[in-house]
Amino acid sequence: MTYRTNPTTGDKVSLLGYGCMRWPSVGGRSAREGNEEIDQEMVNCLVDFAIEHGVNYFDTSPAYCRGTSERATGIALSRHPREKYLIATRMMQFDTIPCNDCKYCMPCPYGLDIPAILLHYNKCLNEGNIPESSTDPEYRKTRRAYLVGYDRSVPRLRQASHCIGCGQCSPHCPQRIDIPAELHRIDAYVERLRQNTL
């Protein structure tokens, strides 16, 4: 296994990380589908195999496996010495859309770049570049940052304004995002920014 050293903490992190989005269910399919429980015994075996082969970085999230990934991951890892692994959990903020850029929603039949649209919104939200009103002291700066960044990261023909709401993307989303609703909300917001009518 190849490792990289975190310059801040000195931790040696495996170059190959283990994503915990698709733990198996007792029925044999991914626990992100259906309502079956996670197969904890199988999760334990998978984690054991990964650690035995040098993987020490595990990534989970409150949104994975219908909210059960963190618990199953914790049970499996707690059977190992704490210094054997590093764990990250994605923090889902209020103010964000829980897209993790898995691209399962793609390709869009109408050519939209769905992950890029959602991720640009989240990035601006996290950086404070989502103006709520034209009376905000930083309105001009944040408005420009959002619009310029949007046009640079998502070509015009692939932006949210072209979503017709067909819904073909939503069943494939492991985070259960109502993608058409979010795209329409973002498009309405972008139009208000463009028209300067916030």
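Heads up: these notes are all about the structure in this document. (Residues numbered from 1 in each chain as written. Predicted model: local features only at pLDDT ≥ 70, side-chain atom pairs only at ≥ 80, totals over all residues. Heavy atoms only, no water.)

### Here's the deal with the pattern of salt bridges
Pairs may arise between side chains of opposite charge once their charged atoms sit close together.
Alright, step 1. The final tally for this structure, using the stated rule, is 7 salt bridges.
Alright, step 2. Ionic pairing is found between Arg-156 and Asp-151, a salt bridge with its closest N-O pair at 3.2 Å.
Alright, step 3. Residue class for Asp-151 comes out partly exposed when judged on its relative accessible area of 31%.
Alright, step 4. As a salt-bridge pair, Asp-151 and Arg-194 come within 2.8 Å of each other at their nearest N and O atoms. Residue Asp-151 is located in helix α4 (residues 139–153), and its partner Arg-194 is located in helix α5 (residues 179–195); the two are separated by 43 residues in the primary sequence.
Alright, step 5. One continuous salt-bridge network, built from bridges that share partners, spans Asp-151, Arg-156 and Arg-194. (Salt bridge = Lys/Arg side-chain N within 4 Å of Asp/Glu carboxyl O. Buried < 20%, exposed > 50% of the residue type's maximum accessible area, 1.4 Å probe, protein only. Helix = DSSP H or I, 4+ residues; strand = E, 2+ residues; numbered from the N terminus.)

### Observations regarding the packing of helix α1 (residues 40–52) against helix α2 (residues 69–77)
Alright, step 1. Two elements in contact, α1 and α2, have axes whose closest approach is 9 Å; the angle formed by their N-to-C orientations is 55°. Overall, the two elements α1 and α2 adopt an arrangement that is oblique. Where α1 crosses over α2, the two elements pack in a sense that is right-handed. Between α1, through Gln-40, Val-43, Asn-44, Val-47 and Ile-51, and α2, the contact on the second element is made entirely by Ala-72, Ile-75, Ala-76 and Leu-77. (Axes fitted to C-alpha atoms, helices over the stretch in contact; angles between N-to-C directions. Parallel < 35°, antiparallel > 145°, perpendicular 65-115°, else oblique. Left-handed = near helix turned anticlockwise from the far one by under 90°. Contact = heavy atoms within 4.5 Å.)

### Let's talk about the packing of aromatic side chains
Alright, step 1. Under the counting rule described, the total for this entry stands at 4 aromatic pairs.
Alright, step 2. On the basis of an interplanar angle of 40° and a centroid distance of 6.0 Å, the ring pair of Tyr-146 and Tyr-150 is categorised as tilted. Here Tyr-150 and Tyr-146 lie together in helix α4, a separation of 4 residues that amounts to about one turn.
Alright, step 3. Pairwise contacts between aromatic rings join Tyr-18, Trp-23 and Phe-58 into one cluster. (Phe/Tyr/Trp six-rings, centres within 6.5 Å; stacked < 30°, edge-to-face > 60°.)

### A short note on the sheet that holds strand β4 (residues 57–60)
Backbone-to-backbone hydrogen bonds join strands into a sheet, with any given pair of strands oriented parallel or antiparallel.
Alright, step 1. In spatial order, the strands read β3-β4-β5; together these 3 strands make up an open sheet with parallel pairing. A single partner strand is all that each edge strand has here, and the edge strands are β3 (18–19) and β5 (86–89).
Alright, step 2. Relative to β5, β4 is paired through 4 bridges, and the arrangement is parallel. Each bridged residue has a counterpart across the sheet, and for Thr-60 the counterpart in β5 is Thr-89.
Alright, step 3. Relative to the sheet, α2 contacts β4 and β5, its axis offset from that of β4 by approximately 155°. (Pairing = 2+ DSSP bridges.)

### A word on α1
Alright, step 1. For α1, spanning 13 residues, the distance from its first C-alpha to its last is 18 Å, which sits close to the expected 18 Å at 1.5 Å a residue.
Alright, step 2. For α1, every residue scored as buried is listed here: Val-43, Asn-44, Val-47, Asp-48, Ala-50 and Ile-51. Buried residues of α1, viewed axially, fall in a sector of 165°; they line one side. Away from its buried face by more than 90 degrees, α1 exposes Glu-41, Phe-49 and Glu-52.
Alright, step 3. Buried residues along α1 sit in contact with β3, β4 and α2.
Alright, step 4. Following α1 by one or two positions, Gly-54 adopts a phi angle in the positive range, close to 100°. (Expected span 1.5 Å × (residues − 1). Arc of directions from axis to C-beta.)

### Here's the deal with helix α3 (residues 114–127)
Alright, step 1. With 14 residues, α3 should cover 20 Å at 1.5 Å per step; its first-to-last C-alpha distance of 20 Å lies within 8% of that length.
Alright, step 2. For α3, the tally of buried residues reaches 10 of 14 residues, placing the bulk of the element in the interior.
Alright, step 3. Every buried residue belonging to α3 is among Ile-114, Pro-115, Ala-116, Ile-117, Leu-118, His-120, Tyr-121, Asn-122, Cys-124 and Leu-125, and all of these are buried.
Alright, step 4. Here the buried face of α3 lies against α4 and α5.
Alright, step 5. Downstream of α3 by one or two residues, Gly-128 has phi in the positive range, about 75°.

### Focus on the pairing of β4
Alright, step 1. Pairing of β3 with β4, which is carried by 2 bridges, proceeds in the parallel orientation. Looking across to β4, one finds that Tyr-18 is bridged to Phe-58.

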